[in-house]
Amino acid sequence: MKLPLPPWVRPRALIALLATCAALALGPLLHSDVYIHNLLTLTFIGIAAALAWNWLGGYLGQVSFGHAAMFGLGGFVAAKAEISMGMPMVFAWCFGGVIAGLYALVWGHPTLRLRGPYFSIATIGVGEATRLVGTYWDWLTGGSSGTSLPMHPNLKFTLYWYALALAAVAMAASYALRRSSLGLALLAIKSDVDAASDVGVSSTRLQDLVLFLSGAMIGVCGASYGSYFSYIEPGDMFGFDRSISWVLMGVIGGIGTIAGPALGAIIFVLLRQYLIASYPQLYLGLYGILLVLVILFEPLGLTGLSLRVLRRARPDLIVSGSET
Amino acid sequence: MLEVRAIDAAYGDVQVLAGLSLEVREKEIVTLLGSNGAGKTTTLRCVTGLLAPRKGEVLFRGQPLSKVAASDRAGLGIALVPEARELWPQLTVRENLELGAYDKRARGRAAQNLDRVQVMFPRLLERRSQVAGSLSGGEQQMCAIGRALMSEPSLLLLDEPSLGLAPIVVEQMFEAIRALHASGMTILLVEQNLAAALEIATRGYVIETGQVKLSGTAAELRSDPKIRAAYLGL
């Protein structure tokens, strides 16, 4: 049987993704460890968010320090939709995601004209302003005392598969955004906006599109995070360290690569779990050191490291960083 | 085909163009000459839309361009070979060329056009999987011209294609431009190398401090005593 695939899809990558998802989907049937089960759920949400952040920060080189704004907004809008409007959970997630994506456009359309550090500084402002407004608007967020979501029996257990699906969608989207002809256009914008516009690549339209997708996906992540904890509050959802965590995941895994941020998210979530438990005062400092080391020695993160190992093992093989 | 009507342009407070006008007709090869800082590149930026003129307007096939975004002008058939090439250094030659055909109008024929470009510059075929940043200056220039041709332009803007190239490569470049013109392309060529530019051009404009100082056919300009003294060193 031959599937009608676009030419840029490598069958091998598709099979790898499907096989990984199948294995992870069947995993809980083989073990009954609740701790691992829940940790994996959080990891999946982290993977989806890190990948979505990378669409803007990696593919376009527009590093955002304010993505928690969309995470929080998606979370609270979905919660509101579920509680007040009785929307079913998954619809509420999507609704929250769309609102978060639109919100991203509201601040992003003007600020994406800025590039590099200037854009990043603007996103810090956006993130902090959103956090303050979010804390103040208690009709939406419940103020600093937060919002409680409806608890369904077994919800936390089944969320595993929802989160896995979310991560799989984000992974497929990362692949599509990078490998289709759009990916080349994004790289062109990243490295030379003027040259891009000379060949007809509109940085305004494409950056807006990518920011919308990224914001919407992050919003859905926020919504699923809310469903998982069944209690959310603005200081945590909109927190600056949350925005930073996606930057860290990207950097650790390999910024701008297809699968790197997913790796980074796995390391980050697991490491944080361990560090918070063992060194609660030191853990942010240790992350800082890790970040410095990665940037100094392997700017492409774990992806760069594995490429280097691969090249050493198979010198005849030509692998370029943009292929991963 | 292209008409620039009395445009003023400035970067912040620094005015670069003051009432500059020029015209390029169908099938012509017009050269825009002048020394450093005269406003040649700025004029091209106004044509491609990277800079909006403060006054005056730019018309392409009679249509004013002021409302057309820079990224939509490739679709009209305007292509620029920028000063100092401006390739994407970490993308391969092949990817650079493919991006040239990004606009919908030419995307469907990208494969044929790629062949044409590679026949014109066989060196690009040899180097197709190399990253553009690793090419020599001349090869980069070929790649930049190839990228512009991928969009099937009707008007080709060339910004100092001889910049920083060895004399023998410069000669090849002008040969390639002559061949493009012979195949029916309309060309606006910005150059500092007056002698070479006037040899292949039909007409020329000499600009100084943002204004046209002299214009005429290439033969007229070549024999103008002021030009001979100031630019050609004769």
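For the structure, check the block above.
Residues numbered from 1 in each chain as written. Chains lettered and ligands numbered in written order. Predicted model: local features only at pLDDT ≥ 70, side-chain atom pairs only at ≥ 80, totals over all residues. Heavy atoms only, no water.

I would appreciate a short explanation of the overall build of chain B in the present structure.
Check the secondary structure of chain B and you find eleven helices and ten strands. Expected size for 234 residues packed as a compact globule is a radius of gyration near 17 Å; at 17 Å, chain B falls within 12% of this value. C-alpha atoms of chain B, sized along the principal axes, occupy 45 × 45 × 35 Å. For chain B, the residues scored as buried account for 53% of the 234 residues in total. Restricting to contacts in chain B with at least 6 residues of sequence separation, those with at least 24 account for 68%. On chain B, roughly 10100 Å² of surface is accessible, and the fraction owed to carbon and sulfur atoms is 51%. Side chains of chain B carry 27 positive and 26 negative charges; the gap between the two charge centres is 3 Å. (Helix = DSSP H or I, 4+ residues; strand = E, 2+ residues; numbered from the N terminus. Rg over C-alpha atoms; globule rule 2.2 N^0.38 Å. Buried < 20%, exposed > 50% of the residue type's maximum accessible area, 1.4 Å probe, protein only. Contact = heavy atoms within 4.5 Å. Areas by Shrake-Rupley, 256 points an atom, 1.4 Å probe, with all protein chains shown as cover. Lys, Arg positive; Asp, Glu negative; His and termini not counted. Charge placed at Lys NZ, Arg CZ, Asp CG, Glu CD.)

Sorry, what's going on with the interface of chain A and chain B here?
A common way to report how large an interface is uses the accessible area buried once the components associate. The partner chain B presents 22 residues to the 19 residues of chain A that form the contact. Together, the buried faces of chain A and chain B total about 1700 Å²; carbon and sulfur atoms form 57% of this surface. Summed over the shared surface of chain A and chain B, the number is one salt bridge. Linking A:R205 and B:D72 is a salt bridge whose minimum nitrogen-to-oxygen distance equals 2.9 Å. Elements with a minimum of two residues in the side of chain A that touches chain B: α8 (181–191), α9 (193–198) and α10 (203–229) of chain A. Here the side of chain A that touches chain B gets seven residues from one element, more than from any other, and that element is α8(A). A breakdown of the residues in the side of chain A that touches chain B according to their chemical character gives ten nonpolar, five polar and four charged. (Buried area = accessible area lost by both parts, 1.4 Å probe. Salt bridge = Lys/Arg side-chain N within 4 Å of Asp/Glu carboxyl O. Nonpolar A, V, L, I, M, F, W, Y, C, P; charged D, E, K, R; others polar.)

Quick question: what am I supposed to make of the packing of aromatic side chains here?
Applying the stated rule across the entire model yields eleven aromatic pairs over all chains. Ring geometry for A:F76 and A:F238: centres 5.7 Å apart, planes at 20°, overall stacked. Taken as a pair, A:F76 in helix α3 (residues 68–84) and A:F238 in the loop between α11 (234–237) and α12 (240–253) lie far apart in primary sequence, 162 residues in all. Each of the two residues, A:F76 as well as A:F238, counts as buried. Taken together through their ring pairs, the aromatic side chains of A:F71, A:Y225, A:Y228, A:F229 and A:W246 make up a single cluster. Above the ring of B:Y102, the side-chain terminus of B:R107 is found at 4.7 Å from the ring centroid. (Phe/Tyr/Trp six-rings, centres within 6.5 Å; stacked < 30°, edge-to-face > 60°. Lys NZ or Arg CZ within 6 Å of the ring centre and 35° of its normal.)

Explanation requested: the side chain of B:S71 in the structure shown.
Structurally, the position occupied by B:S71 is in helix α2 (residues 70–76). Classification of B:S71 as buried rests on a relative accessible area of 6%. Excluding residues within four positions of it along the chain, B:S71 makes contact with A:S197, A:G200, A:V201, A:S202 and A:R205.

So what exactly am I meant to see when it comes to the environment of A:G288 here?
Residues and elements named next belong to chain A. Considering the arrangement of structural elements, one finds G288 in helix α14 (residues 283–297). On the basis of relative accessible area, G288 is assigned to the partly exposed category, the value being 30%. Along the primary structure G288 and G226 are separated by 62 residues, whereas in three dimensions their C-alpha atoms are 27 Å apart.

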